[in-house]
Protein chains: 2
Amino acid sequence: MLRTFTCGELTSADINKEVTLCGWVQRTRDKGTLLWIDLRDRYGITQLFFDETSAPEITKKARSLSREFVIQIKGLVIERESKNKNIATGDIEIKVSDIKILNESKTPPFTIEDETDGGDELRMKYRYLDLRRNAVRKNLELRHRLAIETRNYLDKLKFLEVETPVLIKSTPEGARDFVVPSRMNQGQFYALPQSPQTFKQLLMVSGFDRYYQIVKCFRDEDLRADRQPEFTQIDCEMSFVEQEDILQTFEGMVKHLFKTVKGIDIPALPRMSYADAMKYYGNDKPDTRFEMKFVDLNSIVKGKEFKVFNDAEAVIGICAKGAAEYTRKQLDELTDFVKRPQIGATGLVYARVNADGSIKSSVDKFYSEEELKKWAAAFNAQAGDLILILAGPTEKTQKALSELRLEMGTRLGLRDKNKFSCLWVIDFPLLEWNEGDPNLLASLAGRWHAKHHPFTSPKLEDFELLNTDPGAVRANAYDIVVNGVEIGGGSIRIHDRTLQAKMFEVLGFSKEDAQKQFGFLMDAFEFGAPPHGGIALGFDRLCSLFGGADSIRDFIAFPKNNSGKDMMIESPSEISEEQLKELGIKLSQ
Amino acid sequence: MLRTFTCGELTSADINKEVTLCGWVQRTRDKGTLLWIDLRDRYGITQLFFDETSAPEITKKARSLSREFVIQIKGLVIERESKNKNIATGDIEIKVSDIKILNESKTPPFTIEDETDGGDELRMKYRYLDLRRNAVRKNLELRHRLAIETRNYLDKLKFLEVETPVLIKSTPEGARDFVVPSRMNQGQFYALPQSPQTFKQLLMVSGFDRYYQIVKCFRDEDLRADRQPEFTQIDCEMSFVEQEDILQTFEGMVKHLFKTVKGIDIPALPRMSYADAMKYYGNDKPDTRFEMKFVDLNSIVKGKEFKVFNDAEAVIGICAKGAAEYTRKQLDELTDFVKRPQIGATGLVYARVNADGSIKSSVDKFYSEEELKKWAAAFNAQAGDLILILAGPTEKTQKALSELRLEMGTRLGLRDKNKFSCLWVIDFPLLEWNEGDPNLLASLAGRWHAKHHPFTSPKLEDFELLNTDPGAVRANAYDIVVNGVEIGGGSIRIHDRTLQAKMFEVLGFSKEDAQKQFGFLMDAFEFGAPPHGGIALGFDRLCSLFGGADSIRDFIAFPKNNSGKDMMIESPSEISEEQLKELGIKLSQ
């Protein structure tokens, strides 16, 4: 090794040792005849000391070092005069006797500090320098730790990690596939997996009993801030289980991760039906760090002269505790917030409960004080509270009020990133109507689409509805939600050929297409498929949640930008005519 | 859970317990009024017992079950009359009180037994049934265990597992890339990584210090029996190290794996130079389970009237201990073996050392007994040994003799799959001349090609030869070889922009091409790149080696065949016009 110690391990117990260290020059403090350099590696920082009076040559050489030079030094561990309690090596420094420059460095395009001056684009282009910053490296160390603890937990429960293939078959009934032209089978394509779903089910048919994999998946979507074309899943499946067994097993896993990685004891996870999540939070992934549940006002506010409420399918509101003193300006901001196109409410009605118990609303001319008191009672609003009400078509209004609720939660400081509130959302609908989702092939519009995926088992008691009211069928499907983020979801699967065929029929597959795309799975169900179910957790999101960040990007070593580009390696890129020709493809233009 | 115990855990300690088990019907033994069924799951087999006299109904139901039906049974654990010492549950059986059929099964296309009657093609098509066989499942359990122990070892040494991207950039200077058309950036392509090489080097530039990943890699090659288009690597990199440090670290890993997974203590790994490996074994991955080293006969056999030897660049041989009694027929077989086109020798000369010390050779008319005794002395051949000699151009003859040596090793029972002989081969050449390798793009023929990869550091002392005799430059590169299989290889990397640029020049890159393809890496070297090196181990091969098998295929859950096809899911396959259009590509015909 080029070193005898790392930059993070020397303490006063090592005083008087001759040591060799390697690392990067973090910063230099030059005080006339005395000079100090902070030497950095992944493990920490060690202070190097130079005295021009006693060692002029080596001090001169030290002065020639610039930021981010890679050096090897030899020296003696000595006690520091002014100790630094903030770092592990703060009691000592190295009196350097020899410096070897292992590599020089140009001045980095941004500072390698916790708070950098580099903009997003620059940091993406020089990602290898951005990764040098403590803040980013710690995210990836956290990711490493989460992966280890995930494996520890699952290994103990006898789950086997099995690698499933990356070059599979295109089945574009879900999101768009990335495809790979085959050179050996021209005109044919592999696809990259959106998840190992069918393979893990086949492993259950094979009797593997308990499977897991921390695995890359791929989805060719138009990207949003927290989506990446390639992402990582903790993918799991179990045989001979019912929904309750899976909830217990993976609730245990989440608890284990919080305990071992963050030292937090998470209480038993509450269960909430999808219907209740929509009714009380307007959201299938409610942020339950704070209450502020929706209250349905239809029975209270209708029949007066306020046409907006009278005409609305839904009149629903929330009560923001202690926000009665919001100024006109703040209320206008909230109105603007809900009227933004991506939220789409037409207006916002408010009612303040003043300190004296009187109520002041934006619709005073339609509602008497007495009627407003009924509103306050419905919300259990106290003096100092602010009631915010939206009206309109149910689904749209729920969605808008959900956004407003989250906004108020943020404004009132109720969404502490160091507080964690987990729950299961259960009883999801099996299907949803695809009006024309831009993330699906256009040819799939105007059909039922599987809310989870086509392999999810409907609830037995809803089975007959498949023929009469498919949208009302509930699934044996569940999501795990933490702080308003869906970190995972799963279901009990279909393990019967006839039911699986029926499901494809409901989804608008012809018999031939179903057989062509998923025949192997339906065939497998005829050879003794056990009852089974599973779950997949979004690993990138889990990491960002544990790291207290909003974006997954800084928890991925080499992420892509919103156009799916890697700005560092400049990918995707053109390929040669020779390559295209060998693959038997041409560009359209 | 649908069961209270698995089929592998009940013992005499559980007698009189009421239990519920789930599993597959392995076989039925019907002895008139008494009936036994073996119930199978991943964990083992439990015997079910039925007595028609006391329980006619349930026995009748049991008789209706066919092979591979999935059932749930309830019953009482009782002591077996005739115990089976070969299985963990052999002391007990279950007196069944209730059977529930969870799923029926058609008759499988082959028997689900350790020795199956299914051919390769059938087993690939019904891979999910093949995976039910103990033999195959145990391979994947071994793989799981190897992955865990690999992580355990590396975690302890502070290696961080970091995921590198799968959608990267095509750099077709190595083997052919699989490419992925970008929908969002039409006319451009991602490539799937042949290895995370450049990314792991960038992680070293980032100061990650110690990296590993068990990672899928991709190579669009014409496939041989033990190659797959997607394969798995244990990929590692370390900073501030010299070659010796890497050899020590990963020798430790291999020892750890042998110890923890197979209970075998492996002695310190010998080191052999590439030059010696070629000289003594004609092979850069010598099988050192047996000696049978090459002996150079040039100085002994020339100058007589045997033209074949006189004209040959190389005359080399091996001594097969105890094979002197080989019959004429056996010797003819060996001659045919070396004359096969894929080996390509023109003939085989032999000399037997008889029990009485006399020597009988196939070239008696050219060589006297006295001369033949010199041969025997050169091989240190004893009575009963058989000397086998090939002659011809050096490289070709070494290769042919290597094959003959392995063949003789096999015939003489010297290649026991349960014996392991590991070594390091070091000092590889940096470059090799590409005459027109079918696994490379045609446009790369007639150039130097990097033997390891273009990022491998040449030995400092050979540096000047880069300009004068590139083929003679040795690299800081090393392979780890076990039983004649290269299970991994690596090198100390270039960490200097100028040297890296020089390397690309030698490999025939224009400055522009080098910058376009690898500019990001050369740029990174200018910002304080530390000295670093690493290794990658072929995980599939490691598994097959530990499993005592020749092919990697049965250590991969869902392998592809020699045409790169997955016969089970029928992939690759055609994709729709709609998909092609969205991707901006067309088929050539």
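These lines cover the structure that appears in this document, whether it is placed above or below. (Residues numbered from 1 in each chain as written. Chains lettered and ligands numbered in written order. Predicted model: local features only at pLDDT ≥ 70, side-chain atom pairs only at ≥ 80, totals over all residues. Heavy atoms only, no water.)

A short note on the overall build of chain A
Reasoning step 1: What chain A contains, in helices and strands, is 17 helices and 23 strands.
Reasoning step 2: The dimensions of chain A, computed from C-alpha atoms along their principal axes, are 90 × 75 × 55 Å.
Reasoning step 3: A total of 589 residues make up chain A; the buried ones form 59% of that total.
Reasoning step 4: Taking as baseline every contact in chain A between residues at least 6 positions apart, the subset at least 24 positions apart corresponds to 65%.
Reasoning step 5: In the form shown here, chain A has an accessible surface area of approximately 24,000 Å², with 48% of it arising from carbon and sulfur atoms.
Reasoning step 6: Separation of charge centres in chain A, based on 82 positive and 90 negative side chains, amounts to 3 Å. (Helix = DSSP H or I, 4+ residues; strand = E, 2+ residues; numbered from the N terminus. Buried < 20%, exposed > 50% of the residue type's maximum accessible area, 1.4 Å probe, protein only. Contact = heavy atoms within 4.5 Å. Areas by Shrake-Rupley, 256 points an atom, 1.4 Å probe, with all protein chains shown as cover. Lys, Arg positive; Asp, Glu negative; His and termini not counted. Charge placed at Lys NZ, Arg CZ, Asp CG, Glu CD.)

Comments concerning the relation of the copies chain A and chain B
Reasoning step 1: Each copy of the sequence occupies a distinct position, and chain A is placed on chain B by a rotation of 180 degrees and an axial shift of 0.0 Å, giving an RMSD of 0.1 Å. The superposition operator between the copies reduces to a two-fold rotation axis.
Reasoning step 2: When the interface residues of chain A are mapped onto chain B, 100% of them again fall at the interface, so both copies present the same face. (Least-squares fit on C-alpha atoms with pLDDT ≥ 70 in both.)

Overview of the packing of helix α5 (residues 197–205) of chain A against helix α15 (residues 511–524) of chain A
Residue and element names in this part refer to chain A.
Reasoning step 1: Between α5 and α15, the least distance of the axes is 10 Å, while the angle of their chain directions is 20 degrees. Between α5 and α15, the crossing angle belongs to the class labelled roughly parallel. When the axes of α5 and α15 are compared, the crossing they make is left-handed. For the pair α5 and α15, contact is made by Thr198, Gln201, Leu202 and Val205 and by Phe518, Phe520, Leu521 and Ala524, respectively.
Reasoning step 2: Residues belonging to the contact of α5 with α15 are distributed by class as follows: six nonpolar, two polar and no charged. (Axes fitted to C-alpha atoms, helices over the stretch in contact; angles between N-to-C directions. Parallel < 35°, antiparallel > 145°, perpendicular 65-115°, else oblique. Left-handed = near helix turned anticlockwise from the far one by under 90°. Nonpolar A, V, L, I, M, F, W, Y, C, P; charged D, E, K, R; others polar.)

Section: the interface of chain A and chain B
Reasoning step 1: Taken together, the contact between chain A and chain B spans 128 residues of the former and 128 residues of the latter.
Reasoning step 2: For the pair chain A and chain B, the summed buried surface comes to about 11,400 Å²; carbon and sulfur atoms form 59% of the total.
Reasoning step 3: The tally of links from chain A across to chain B stands at 14 salt bridges.
Reasoning step 4: B:Arg183 is paired through a salt bridge with A:Asp220; the nearest N and O atoms lie 3.0 Å apart.
Reasoning step 5: The interface formed by chain A and chain B holds 71 residue pairs in polar contact (both at pLDDT 80 or more) in total.
Reasoning step 6: Looking at the side of chain A that touches chain B element by element, the count peaks at eight residues for helix α4 (residues 134–156) of chain A.
Reasoning step 7: Tallied by class, residues from the side of chain A that touches chain B come to 64 nonpolar, 27 polar and 37 charged.
Reasoning step 8: Two strands pair when backbone bridges link them, and strand β23 (residues 585–587) of chain A and strand β23 (residues 585–587) of chain B are joined in this way by three bridges, in the antiparallel orientation. Residue pairing for β23(B): A:Lys586 is matched across the bridge by B:Lys586. (Buried area = accessible area lost by both parts, 1.4 Å probe. Salt bridge = Lys/Arg side-chain N within 4 Å of Asp/Glu carboxyl O. Polar contact = N/O pair within 3.5 Å; in protein donor to acceptor, adjacent residues only side chain to side chain. Pairing = 2+ DSSP bridges.)

A word on the pattern of salt bridges
All names here are of chain B.
Reasoning step 1: Counted according to the given criterion, the structure contains 107 salt bridges over all chains.
Reasoning step 2: In this structure, the salt-bridge partner of Lys83 is Glu79, at a minimum N-O distance of 2.9 Å.
Reasoning step 3: Given the relative accessible area of 48%, Glu79 is considered partly exposed.
Reasoning step 4: The closest approach of N and O atoms between Asp540 and Arg143, which form a salt bridge, is 2.8 Å.

Details of the pairing of strand β2 (residues 34–41) of chain B
Residues and elements named next belong to chain B.
Reasoning step 1: Within β2, seven of the eight residues are buried, which leaves the element mostly enclosed by the surrounding structure.
Reasoning step 2: Of the pairings in the sheet, the one linking strand β1 (residues 18–31) to β2 comprises seven bridges and is antiparallel in character. From the neighbouring strand, Trp24 faces β2, where its bridge partner is Arg40.
Reasoning step 3: Adjacent in sequence and paired antiparallel, β1 and β2 are bridged by two residues, among which Gly32 carries a positive phi angle near 75 degrees.

Some points on the packing of aromatic side chains
All names here are of chain A.
Reasoning step 1: Throughout the structure, instances matching the rule amount to 48 aromatic pairs over all chains.
Reasoning step 2: Ring plane angle 45 degrees and centroid distance 5.1 Å describe the contact between Tyr274 and Phe428, whose orientation is recorded as tilted. One end of the pair, Tyr274, is in helix α7 (residues 274–281); the other, Phe428, is in the loop between β17 (422–426) and β18 (431–434), with 154 residues separating them in the sequence.
Reasoning step 3: Residue Phe428 is classed as buried on the basis of its relative accessible area of 5%.
Reasoning step 4: Ring geometry for Phe309 against Trp375: centres 6.2 Å apart, planes inclined by 45 degrees, an arrangement best described as tilted. Taken as a pair, Phe309 in helix α9 (residues 307–311) and Trp375 in helix α11 (residues 369–379) lie far apart in primary sequence, 66 residues in all. No difference in accessibility class separates Phe309 from Trp375, as the two residues are buried.
Reasoning step 5: Three or more aromatic residues joined by ring pairs form one cluster here, namely Phe306, Phe309, Phe366, Tyr367 and Trp375.
Reasoning step 6: When the ring centre of Tyr280 is taken as reference, the NZ or CZ atom of Lys293 above it lies at 5.0 Å. (Phe/Tyr/Trp six-rings, centres within 6.5 Å; stacked < 30°, edge-to-face > 60°. Lys NZ or Arg CZ within 6 Å of the ring centre and 35° of its normal.)

Examining helix α7 (residues 274–281) of chain B
Residues and elements named next belong to chain B.
Reasoning step 1: Listing the buried residues of α7 in full gives Tyr274, Ala277, Met278 and Tyr281. Burial along α7 is one-sided: seen end-on, the buried residues are contained in an arc of 105 degrees.
Reasoning step 2: For α7, the secondary structure elements touched by its buried residues are β11 (271–273), α12 (394–411) and β17 (422–426).
Reasoning step 3: Looking one or two places after α7, you find Gly282, whose phi comes out positive at around 60 degrees. (Arc of directions from axis to C-beta.)

Focus on the side chain of A:Gln517
Residue and element names in this part refer to chain A.
Reasoning step 1: Position of Gln517 relative to the elements: it lies in helix α15.
Reasoning step 2: Overall, Gln517 belongs to the buried group, its relative accessible area being 17%.
Reasoning step 3: Once residues within four sequence positions are removed from consideration, Gln517 is found in contact with Lys169, Thr171, Pro172, Glu173 and Phe509.

A word on the sheet that holds strand β20 (residues 477–482) of chain A
Residues and elements named next belong to chain A.
Reasoning step 1: Pairing in this open sheet of eight strands is mixed, and the strands run β6-β9-β10-β22-β21-β20-β17-β11 from one edge to the other. The sheet is open, and its two edges are formed by β6 (160–161) and β11 (271–273), each paired on a single side.
Reasoning step 2: As judged from the three bridges shared by β11 and β17, these two strands associate in the parallel manner. By the bridge assignment for β17, Arg271 is matched with Trp424.
Reasoning step 3: Most of the contacts of α5 go to strand β10 (residues 230–239), to which it runs at about 20 degrees, and overall it touches β9 (210–218), β10 and β22 (532–538).
Reasoning step 4: Across the face of the sheet, helix α16 (residues 539–546) comes into contact with β9, β10, β20, β21 (485–492) and β22 while running at roughly 105 degrees to β10.

Some points on the environment of A:Ile99
All names here are of chain A.
Reasoning step 1: For Ile99, the position within the fold is in strand β5 (residues 92–103).
Reasoning step 2: Residue classification places Ile99 among the buried residues on the basis of a relative accessible area of 2%.
Reasoning step 3: Separated by 34 residues in sequence, Ile99 and Leu65 place their C-alpha atoms 10.0 Å apart.

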